[in-house]
Amino acid sequence: MSASDDTTHRELRELLGSFALGHLDGPEAARVRAHLDGCAQCRAEADDLLPLADRLSLVDPRAFGDVPAPPPALGENVRLAVARARADRDADEVGRRRTEALARRRRGMVRGLAAAAVVVVALGVGGVVGRTTAPEPPQPPLEAISLEVAQGDAVSVDSADLVAHTWGVELRIVADGFAAGETFHAAFRTDDGELVPAGEFLGVGGETMTCFLQSASLREDVTQVVVTDDAGRTVLSSDL
Ligand SMILES: [Zn+2]
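Just so it is clear, the model here is predicted, and its values are computed rather than measured.

Turning our attention to the sheet that holds strand β6 (residues 195–202). Across the sheet, which stays open at both edges, the 5 strands sit in the order β2-β9-β8-β5-β6 with antiparallel pairing between neighbours. Looking at strand neighbours, the two that pair on one side only are β2 (148–149) and β6, the edges of this open sheet. Sheet analysis places strand β5 (residues 183–190) next to strand β8 (residues 222–228), joined by 6 bridges and oriented antiparallel. Counterpart to T190 in the pairing with β8 is V222.

Rendered as structure tokens:
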């Protein structure tokens, strides 16, 4: 193939499409035809194109101006389908979680029943043991003290005791006449002079009340019990 033949080949090859569709004018079509006679490559290409061109010629170009519009509800339908799929997936997820939760609850119930059975057994055994061999719970020894009521105060003390616990000292008062609704503060004075709080209680007026007031100070370290009202006035006191 000469250089000029090569140029002709490249030039005419680009026209093969138009030639196949019959869009070339007479002289151009003649040139292509002449080239096809001498160029096997272009002939092969033209053989491929011509059947396609035949089929293309059957297509009505006017049809292209008339592409059917998507149905108006398409967007909405797609949106609904997506929403439905998502809802299904979420429902699956909810269902799965619910099943899991149910299984967990069942497991919990079984465990609870098992635990309850253990407690019942323990209580049963404890009951038997309690009646036969358990020692009486030790009663802490009470140390009666005498509380001095401030002059003119309505408080009346039925009993006052100290209990020397290992963890601190406790004041037990049975009394009445503490002004209803008023807060009272109990404290122990330790041997280094410090006043250590032992708790507070509300007065209930004429009703008898029993109060356990506790402090971390040890019995042997306390030298005085003091109960004061909100104003800081001493209502009860006892030197130990
Ligand atoms: Zn060619």
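Further remarks concern the confidence of the model for the protein. Of all residues in the protein, 80% have pLDDT values of 70 or greater, and the mean over the chain is 82. Taken together, the stretch residues 126–132 has pLDDT below 50 and engages in 1 contact with residues farther than four places along the chain or on a different chain.

Our focus in this paragraph is the coordination of the zinc ion. Coordination of the zinc ion by the protein is provided by H9 (ND1), H35 (NE2), C39 (SG) and C42 (SG), with metal-donor distances spanning 1.9 to 2.3 Å. Coordination at the zinc ion comes from 4 donor atoms whose angles at the metal span 103 to 123°, giving a geometry best classed as tetrahedral. Linear spacing of the donor residues for the zinc ion on their chain is H-x25-H-x3-C-x2-C. Here the two residues H35 and C42 agree in accessibility, since each one is buried.

What follows is about a nonpolar patch on the surface. A surface patch of nonpolar side chains, amounting to about 230 Å² of accessible area, comprises L74, V78 and V82. Within the element layout of this structure, L74 appears in helix α5 (residues 74–132).

With antiparallel pairing, 4 strands are arranged side by side in an open sheet as β1-β3-β4-β7. Two strands lie at the open edges of the sheet, namely β1 (142–144) and β7 (209–215), each paired on one side alone. Between one strand axis and the next, the sheet turns through 25° on average, direction left out of account. Bridge count between β1 and strand β3 (residues 156–164): 3 bridges; the pairing is antiparallel. Across the sheet, residue A144 finds its bridge partner in β3, namely D161.

Another point: a positive patch on the surface. A surface patch of positive charge is lined by R104, R105, R106 and R107. With respect to the secondary-structure elements, R106 resides in helix α5. R106 gets classed as exposed once you look at its relative accessible area, which sits at 51%.

Now for the pattern of salt bridges. Overall, the coordinates contain 6 salt bridges when judged by the stated rule. A salt bridge links R13 to E45; the shortest N-O distance between them is 3.0 Å. On the criterion of sequence distance, the pair formed by R13 in helix α1 (residues 3–13) and E45 in helix α4 (residues 40–58) is long-range, its members being 32 residues apart. In this structure R13 comes out as partly exposed when scored by relative accessible area, which is 37%.

In this section: the side chain of T190. In this structure, T190 sits in strand β5. For T190, a relative accessible area of 8% corresponds to the buried category.

Quick notes on the rules
Residues numbered from 1 in each chain as written. Predicted model: local features only at pLDDT ≥ 70, side-chain atom pairs only at ≥ 80, totals over all residues. Heavy atoms only, no water. Pairing = 2+ DSSP bridges. Helix = DSSP H or I, 4+ residues; strand = E, 2+ residues; numbered from the N terminus. pLDDT = per-residue confidence, 0-100. Contact = heavy atoms within 4.5 Å. Donors = N, O, S within 2.8 Å, 3.2 Å for Na, K, Ca; no water. Tetrahedral: all angles 85-135°; square planar, octahedral: opposite > 155°, others 65-115°. Buried < 20%, exposed > 50% of the residue type's maximum accessible area, 1.4 Å probe, protein only. Patch = residues over 30% accessible without salt bridge, like charges linked within 9 Å, V, L, I, M, F, W, Y side chains within 5 Å. Areas by Shrake-Rupley, 256 points an atom, 1.4 Å probe, with all protein chains shown as cover. Salt bridge = Lys/Arg side-chain N within 4 Å of Asp/Glu carboxyl O. Axes fitted to C-alpha atoms, helices over the stretch in contact; angles between N-to-C directions. Lys, Arg positive; Asp, Glu negative; His and termini not counted. Charge placed at Lys NZ, Arg CZ, Asp CG, Glu CD.

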